[in-house]
Amino acid sequence: MLVDTILSAAHGIGVATLVAISIVCFLVVATRNLVSTVQLLLAARVFATRIKPAQRSYDLWSRYADLALPISVIAPCFNEELSIADSARALLALEYPDHEVILVNDGSSDGTLSVLIEQFELRPIEREQLATLQKTRIRGIYGSARYPNLILIDKENGRKADAVNAGLGFAAAPLVCVIDADSIIEPDGLLRAAEPFMTDDGSLMAVGGAIRIANGSIVEGGHVRQIRLPSRWLPRYQILEYLRAFLTARIANARLDMLMLISGAFGMFRRAPLVEIGGYRHDTVGEDLEVVTRIHRRMREEKRPYRIAFVPEVVCWTDAPESWRGLRNQRARWEQGALETIVEHRRMLFNPHYGRIGLIGMPLIVIEDVLGPPCELFGYLLIPLLYLMGVESGTIVLAFFSITVLFGTAISLGTLALEEVQLRRTPSARDLFMIGIAAVVENLGYRQANLAFRIYGMWRFYRKDSRWAAAGRAGFSRG
Amino acid sequence: MGAGENVASSPAFRQARPAERLAAISHLVQLLRGQDRDRLVALTEEQGLLKDALRRARRSQPRQQIDALRLLGGIGGDQAVAALDAVLREDPRLDTRLEAASLLARLDALPQPDELIEHLALHSARITPLHRTLFRLIASRHPTELFALARSEELPPAVRALVIDALGWTEDFSALPILAAAANDPHPPVRLAALDSATKLGHPSSAPWIMPLLRDPVPPVRARAIRACQIMRLTDGLPAIAELRHDPSPWVRLRAQQAQQVLMPA
C-alpha cells in the first residue's frame, strides 16, 4: 500500500517535472521566436528608412587618395598551398587607395610558404613590430620589391587568433581588416567598409559586413565571377541561416547599438583599440564573438563613447561545409565559443553598468546559445511524449510545432523577401524559389540536427575540449 | 544636334513619365562631358524634371531628402547647385549639411572656406577626413580666401590645421612662409598639417624647417617628418633618421626603417 502510494507520488512528481520542463521549453522557444520576429520587423524598418551608404568616398578618394584611412588587411593562412596565391592576388587587387596585405603563415605544414615566396618574389626583410600580441615565435618576415604593399609573416602554429595577433602587431595602418585567407571579399568591399570611418569622429570601433555562401558559385582568380545556387541541400540551408543572421539579427542589433558579433571571416576594426585590449584571445574557439564583447566591455567600463556598425552592402564570400561532419564541427565550435564568451564575461550579464549590452545583448546570447538549443530539442521529444502519456492536449503539441516549424519558416521567408526587395543578390527567380523550398524543408531534420550539434558543442565546452575541429569546407568551384 | 536634343526628340523619352525621364537623364549625364553635358542639364531644367527633387531636397524625411540631394548632385546645373547651397546654409541637421557640402564639392561649387567652417560648425565639430577633403577642394577654388584664413590667429587649432593642410593643394609656393611659421605652432595637429602641406608642395626650401621636426617632442610629428624626408628625398636627413631607429616610439622606428630602405643607396 505504502509502496503504491510512493510510486504514485513519484509518478506524479515525475510527470509534473516533465510538464514543468515542457512549459519552460515552450516559453524559451516562444521567446526566441519573438526575438526573431522583432529583429525581422526592425531590420525591415531599418532598410526602409536608412540613408543608403554614400558614394562620395568613391569620387573623393579617387582625387585625394592620401585621405583614405590606410588599411592593413590581415589574412591568416594555414595549409592553403593550392589557393593562397589566388587569394593573395585578390587581396592585393582590392579597390582601395592605400592598403597593405599582411599574410600570416600560421606554421603550415604544406607548401604555403614556398608558394608565396616563389609567386610573389618575396625575400626576408626587416620590419619593426609595433606590438607583440602573439604567443608563438615569429620565424621570418618577408617583403617583395614587386609588391611593396605585401608582407608575409611566417610563424609557428598557434591557431587563428594567434596568427591575427601576429599580423596586428605588424599592422601600421589605423584600420585593420581581418579576413580569412580562403574567404573572398568583393573588390569594393574595403571601400564600402571604410566609408563610415570617413565621417567618423573617432567613436566608430568596428564595422562588420555580410557573409555569403559561395558554394556552387564560379570563382576565378580569387573573385566570385558568377553567383550560383549550390547543388546540394546542406549549403542551401546554410544560405538561409546566413541570410537570417546577417540581414535581420545583425542589422537589428546594430540599429540598437548592441551588435555582439563581427564574423571572423570579415571585419574592419580601428587598430588602436584592438591593440589596446590585447587583440584576439588565444584560449577560446569563438574569438570573433569574444573580441567584440571585450570591446563593448572595455568601452563601457571606461565610459568612452563608441559604436560598432554593420554595413550589409559589404559582402564577403565563404564556402560552407558540405558534409554533416563538417557542419557538426563548425556548429559545435560556434556553440562552444559562445559559451566560453558568456562565462568569461558573465559579470556583464544583467549588469546595468554595461547598459543595453548587459541587460539585453548578453541575455539574448544566453537565450539563443545556452537555453535555446536544449529547450527546443527537449521540446521536440518531451511534448509528443507527454501527449502520448495523455498528460498534454493535442493543442499544446500543435502549438509547439507551430511556433517552431511554422514560425521558423515564416521568419525565413520574411528574411528572403527582405533580401530580394533590398539587396537582390539571389541570381534568379528559380534560385529564390529553391531557397524558399529550403526554408520549409530545413525544419524536417536539418534544424533538429543543428540543435544536436550545438548540444555536442556544449559537451565539448563542459569537457574543456579546445581542439580545433575542422569544418571540412568543400573549396570553391573554379571557372 | 547635341545630346540633349537627341534625347528629348526620341519617342521613348516623350512617352515616358517625368520620373522615368529623370532616371534616364541621371544615368546619361554621367556619360557626358563638356557642352553635351551642359545641354542635357539645361534640358532637364527646362522640362522641369528636377521639380520634385528640388521640393524633396528642402522638405521631406531624411532618407528622401538625402536621396533627392544625391540625385541633384549627380545631375548638377544651376538649379541643383542653388538647392544644395541652400541646404548647406539652412538645413537644421548637420549630417544633411555635410552631405550637401560633399555633393557641392563634386560639382566644384563649394562656398568660401570661412562660410564652410560656419555651415559645418567646424569650431565645435570634430574634424574628419571628409572635412579635409572638402578643404583641399576649396584650395583650388578659393585660394585667396584660404591664405587669408591661414594668416588669421583666431582659428581654433583643429580648424587651423585643416586650413594649413589645404594650403598645399593651392599649388602656390607663396604658402611656404606660412607653412614655415606653422611648423613652430604649439599645437601638434598644426605642425602635422604643415608637414603634409609641404610634402604636397614638394619645394626643397622647406627642408630647413622640416629637419628640426625630426626631433619634435611629439612622436607622430617625428614620424610625419620622416615621411616628408622620404617623399621629398631629403637625404640630408638620413643621419637624424638613422638615430630615430632607436626612438622610444615603435611608430617612429618603423617610419625610420622604411625611410632608410627608400633613401639609402642600395
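Residues numbered from 1 in each chain as written. Chains lettered and ligands numbered in written order. Predicted model: local features only at pLDDT ≥ 70, side-chain atom pairs only at ≥ 80, totals over all residues.

Within chain A one finds 14 helices and 13 strands. The principal-axis extents of the C-alpha atoms in chain A amount to approximately 90 × 45 × 45 Å. Taking all 479 residues of chain A together, 48% fall into the buried category. The long-range fraction of contacts in chain A, counting pairs at least 24 apart against all pairs at least 6 apart in sequence, stands at 80%. (Helix = DSSP H or I, 4+ residues; strand = E, 2+ residues; numbered from the N terminus. Buried ≥ 20, exposed ≤ 12 C-beta atoms within 10 Å, placed from the backbone. Contact = placed C-beta atoms within 7 Å.)

Moving on: the overall build of chain B. Looking only at helices and strands, one finds 18 helices and zero strands in chain B. Scaling as 2.2 N^0.38, a compact globule of 266 residues should have a C-alpha radius of gyration of about 18 Å, whereas chain B reaches 24 Å, well beyond that. Expressed along its principal axes, the backbone C-alpha trace of chain B runs to roughly 75 × 45 × 35 Å. Counting over 266 residues, chain B shows a buried share of 43%. Taking all contacts inside chain B whose residues are at least 6 apart in sequence as the whole, residues at least 24 apart take part in 61%. (Rg over C-alpha atoms; globule rule 2.2 N^0.38 Å.)

As a further point, take the nonpolar core. If you look at the biggest cluster of nonpolar residues, it comprises 192 residues, and the most contacted ones within it are Ile 74, Cys 177 and Ala 194 of chain A together with Leu 72 of chain B. Among the elements that make up this core, the one with the highest residue count is helix α7 (residues 233–255) of chain A (eleven residues). With eight residues, the next largest nonpolar core counts Cys 375, Phe 378, Ile 383 and Phe 400 of chain A among its residues. (Core = buried A, V, L, I, M, F, W, Y, C linked by C-beta atoms within 7 Å.)

Further remarks concern the interface of chain B and chain A. Every contact between the two is made by 18 residues of chain B and, on the other side, 18 residues of chain A. For the side of chain B that touches chain A, the secondary-structure elements that each account for two or more residues are α6 (62–75), α8 (94–106), α10 (129–141) and α18 (250–263) of chain B. Here the side of chain B that touches chain A is composed, by residue class, of eight nonpolar, four polar and six charged. (Nonpolar A, V, L, I, M, F, W, Y, C, P; charged D, E, K, R; others polar.)

Bringing the sheet that holds strand β4 (residues 138–143) of chain A into the picture now. Sheet strands pair via backbone hydrogen bonds, and the direction of the pair is either parallel or antiparallel. Residues and elements named next belong to chain A. Ordered by their spatial adjacency, ten strands build an open sheet running β3-β4-β5-β2-β1-β6-β11-β8-β12-β7, and the pairing between neighbours is mixed. Pairing within the sheet leaves two strands with one partner each, and these edge strands are β3 (123–124) and β7 (184–185). Judged from the six bridges that link them, strand β2 (residues 99–106) and strand β5 (residues 150–155) form a sheet pairing that is parallel. When the sheet's bridge partners are listed, Asp 106 is paired in β5 with Lys 155. Sitting on the sheet, helix α4 (residues 112–119) is in contact with β1 (71–77), β2, β4 and β5, with an inclination near 145° to β2. On top of the sheet, helix α5 (residues 159–170) reaches β1, β2, β4, β5 and β6 (175–179); it is set at about 150° to β1, its chief contact. (Pairing = 2+ DSSP bridges. Axes fitted to C-alpha atoms, helices over the stretch in contact; angles between N-to-C directions.)

Let's shift gears to the pairing of strand β8 (residues 204–213) of chain A. Residue and element names in this part refer to chain A. With nine of ten residues buried, β8 lies mostly within the body of the structure. The pairing of β8 with strand β12 (residues 307–318) spans nine bridges and is classified as parallel. Note that in β12 the partner of Val 207 across the bridge is Ala 309.

Below, the discussion takes up unusual backbone geometry. Residue and element names in this part refer to chain A. One non-glycine residue, Asn 79, adopts positive backbone phi at about 50°. For Asn 79, the position within the fold is in the loop between β1 and α3 (84–92). Look at Asn 79 and you get partly exposed, because 15 C-beta atoms sit within 10 Å.

A separate point is the environment of Pro 220 of chain B. For Pro 220 of chain B, the position within the fold is in helix α16 (residues 219–232). Each residue touching Pro 220 of chain B, except ones within four places of it in the same chain, is listed here: Pro 188 and Leu 192 of chain B.

The next subject is helix α9 (residues 287–301) of chain A. All names here are of chain A. The end-to-end C-alpha separation of α9 is 20 Å, in line with the 21 Å expected for 15 residues at 1.5 Å each. With eleven of 15 residues buried, α9 lies mostly within the body of the structure. Those residues of α9 not exposed but buried are Glu 287, Asp 288, Leu 289, Glu 290, Val 291, Val 292, Thr 293, Arg 294, Ile 295, His 296 and Met 299. The inward-facing, buried residues of α9 contact α5, β8, α8 (271–276), β12, α10 (324–344) and α11 (355–388). Note on α9: the residue one or two positions beyond its end, Lys 303, has a positive phi of about 50°. (Expected span 1.5 Å × (residues − 1).)

With that settled, the discussion passes to the environment of Arg 160 of chain B. In this structure, Arg 160 of chain B sits in helix α12 (residues 157–167). Residues contacting Arg 160 of chain B, with those up to four places away along its chain left out, are Leu 155 and Val 190 of chain B.

Summarising the model, chain B shows a mean pLDDT of 89, and 97% of its residues fall at 70 or more. Our summary of model confidence lists the complex with pTM equal to 0.86 and ipTM equal to 0.77. (pLDDT = per-residue confidence, 0-100.)

Residue and element names in this part refer to chain B. Contact geometry of helix α11 (residues 143–151) with α12 gives a least axis separation of 9 Å together with a crossing angle of 135°. In terms of orientation, α11 and α12 fall into the oblique class. The handedness of the crossing between α11 and α12 is left-handed. Facing α11, whose interface residues are Leu 146, Leu 149 and Ala 150, α12 presents Val 163, Ile 164, Ala 166 and Leu 167. (Parallel < 35°, antiparallel > 145°, perpendicular 65-115°, else oblique. Left-handed = near helix turned anticlockwise from the far one by under 90°.)

For the rest of this paragraph, the subject is the pairing of β4 of chain A. Residues and elements named next belong to chain A. Bridge count for β3 against β4 is two bridges, and the pairing is antiparallel. If you follow Arg 123 over to β4, its bridge partner there is Gly 143. As judged from the five bridges shared by β4 and β5, these two strands associate in the antiparallel manner. Among the inter-strand pairings, Ile 141 is bridged to a residue of β5, identified as Ile 153. The turn joining β4 and β5, which pair antiparallel and follow one another in sequence, is formed by six residues.

This paragraph deals with the confidence of the model for chain A. Mean pLDDT over chain A works out to 87, with 94% of the residues at or above the 70 mark. Mean pLDDT across the elements of chain A ranges from a minimum in helix α2 (residues 56–63) of chain A, with 54, to a maximum in β5 of chain A, with 96.

Another point: the packing of α11 of chain A against helix α14 (residues 446–462) of chain A. The relative placement of two packed helices is expressed as an angle between their axes plus a distance between the axes. All names here are of chain A. In the contact formed by α11 and α14, the axes pass within 9 Å of each other and the chain directions differ by 130°. As the angle between them shows, α11 and α14 are arranged oblique. Seen along the crossing, α11 lies across α14 with a hand that is left-handed. Residues Pro 373, Pro 374, Glu 376, Leu 377 and Tyr 380 of α11 pack against Gln 448, Leu 451, Ala 452, Arg 454 and Ile 455 of α14.

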